[in-house]
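Commentary on secondary and tertiary structure
Residue strings, one per chain:
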Amino acid sequence: MARRSQFFGVVAGQDGGQDGGQDGGQDGGQNGGANLHMPSSGQYSGGYLWAFPSSWGQSGPVLFKPTLPGWMRAFPYDTTKLIVGTKFPDGGWDPLLKAGAVAAAFAAKSTDWIAKCDPGKPRSAKDEIGEDEEKLLVEDINELLRLAKSGMQSDADLGMAIQEQAVDTSQYWANLLACSAASRPATWSLVLIALQVGGLVAAYFKLKYMRARPAQVWTAIRPVIATPPHPSYPSGHALQSFLTAACIKEVAPAMGDDCDRLAYQIAKNRELAGVHYPSDTYGSWRIHKCLMDRLMLVDEFKDVLKAAKQEWPSPGKVRQVDPPNGV
């Protein structure tokens, strides 16, 4: 019950501000009639396992440019000596490719993550439902129906967030943490590592459990975005977001509450979009702590974590205060 209480401690107080409006904007059947698009950041996820098109060039400065004018005059072939023993500079990595390398190291070195992090069959966060598949499905669908009728799907700002996050969540973390390849690069690497590792682990368990998407089991569900072309359980977006928040809290504890709020909102938006069940989200919540423990055993990850801590010096006493009057 303790971990469930913690989960709902993050959830508490965040649903209340989302109600209102009129039901609508759901045309398009299973695919939701909403084309995925390139978000404002210019990044593209190819789903939630990351790749960039060849034209994408915003991951960091170019380390070695094509030969510059006059270069060969300064460094001719016949007199320029070799620099033996040179190693590639750690800061020269493309952050996304480095994240992929750390994910590979995690998969190779953390040999027990499959057994330790397996969430088991989908189940509710409520004890009384247990693991009864039929009762759980009814509960999940009832919650998605409640969300659909709440009017939240017709909120323009929320709709744009659902669309953006369907393709790319990293821009939200970049905004929250003021991080990029040029600003807090190690923190940016943590975000990308969480996305890569979370995506890898989610994909493995999706393949194992092969859970159908909501619109496949009840065609009255009308997603507001295209139904992703992979199984539903666990939620990849939720796992990535919970894991990202856990990583950032290791280096910037003062950002913990905001990270939890953002992670929860990204996860909840997938339910609101009609492409995930609440129990998909809960499954990801159950995975992420074990996954973080396993990730902390990987030296390559700990090196990035150490560097990121240097980007967040202790702010001294940090406390939260009430919003200004009238807000």
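Above this text you will find the structure in question.
Residues numbered from 1 in each chain as written. Predicted model: local features only at pLDDT ≥ 70, side-chain atom pairs only at ≥ 80, totals over all residues. Heavy atoms only, no water.

**A look at the packing of helix 7 (residues 170-177) against helix 11 (residues 256-272)**
Selection criterion: In this description, a line fitted to the C-alpha atoms serves as the axis of each element, helices being fitted only across the stretch in contact, and the angle between N-to-C directions of two axes falls anywhere from 0 to 180 degrees. Only DSSP runs of H or I reaching four residues or more are called helices, and only runs of E reaching two or more are called strands; each is numbered from the N terminus. Working definition: roughly parallel below 35 degrees, roughly antiparallel above 145 degrees, roughly perpendicular at 65 to 115 degrees, and oblique for all remaining angles. Crossings are assigned a handedness: left-handed for a near helix turned anticlockwise from the far helix by less than a right angle, right-handed for a clockwise turn. A contact between two residues is defined here by any heavy atoms of the two lying within 4.5 Å. The classification used treats Ala, Val, Leu, Ile, Met, Phe, Trp, Tyr, Cys and Pro as nonpolar, Asp, Glu, Lys and Arg as charged, and all other residues, Gly among them, as polar.
Where helix 7 meets helix 11, the axes come as close as 11 Å, and the angle between the chain directions of the two elements is 160°. Considering the angle they form, helix 7 stands roughly antiparallel to helix 11. Every pair of crossing elements has a handedness; the one defined by helix 7 and helix 11 is right-handed. Across the interface between the two elements, Tyr172, Trp173, Leu176 and Leu177 from helix 7 touch Asp258, Cys259, Leu262, Ala263 and Ile266 from helix 11. The residue makeup of the contact of helix 7 with helix 11, split by class, is eight nonpolar, no polar and one charged.

**Regarding the nonpolar core**
The test is simple: Residues belong to one nonpolar core when they are buried, are Ala, Val, Leu, Ile, Met, Phe, Trp, Tyr or Cys, and are joined through side-chain atoms within 4.5 Å. Throughout this description, buried means an accessible area under 20% of the type-specific maximum (1.4 Å probe, protein chains only), exposed means over 50%, and partly exposed covers the range between.
One finds Trp173, Leu177, Val197, Val201, Leu291 and Phe301 to be the most contacted residues of the largest nonpolar core, which totals 54 residues. Here the element with the most residues in this core is helix 8 (residues 185-209); it accounts for 12 residues. When sequence neighbours within four positions are dropped, the list of residues in contact with Phe301 reads Val102, Leu190, Ile193, Cys247, Met292, Leu295 and Met296. One finds Met152, Ala215, Ile225 and Val275 within the second-largest nonpolar core, a separate group that totals 15 residues.

**Description of the environment of Leu295**
Among the structural elements, Leu295 can be located in helix 12 (residues 278-295). The spatial distance from the C-alpha of Leu295 to the C-alpha of Lys109 is 9.5 Å, given a sequence separation of 186 residues. What Leu295 contacts, discounting residues up to four positions off in sequence, is Phe106, Ile193, Val197, Cys247 and Phe301.

**Digging into the packing of aromatic side chains**
Note the following rule: By convention, a stacked pair of Phe, Tyr or Trp rings (six-membered ring in the case of Trp) has centres within 6.5 Å and planes under 30 degrees apart, an edge-to-face pair has planes over 60 apart, and any other such pair is tilted.
One pass over the structure, following the stated rule, counts seven aromatic pairs. Here Trp113 and Tyr204 contribute two aromatic rings whose centre-to-centre distance is 5.4 Å and whose plane-to-plane angle is 75°, an arrangement assigned as edge-to-face. Of this pair, Trp113 sits in helix 4 (residues 113-117) while Tyr204 sits in helix 8; the two residues are 91 residues apart in sequence, bridging distant segments of the chain. Owing to a relative accessible area of 7%, Trp113 belongs among the buried residues under this scheme. We classify Tyr204 as partly exposed; its relative accessible area is 34%. Taken together, a centroid distance of 5.1 Å and an interplanar angle of 85° make the contact between Phe242 and Trp285 edge-to-face.

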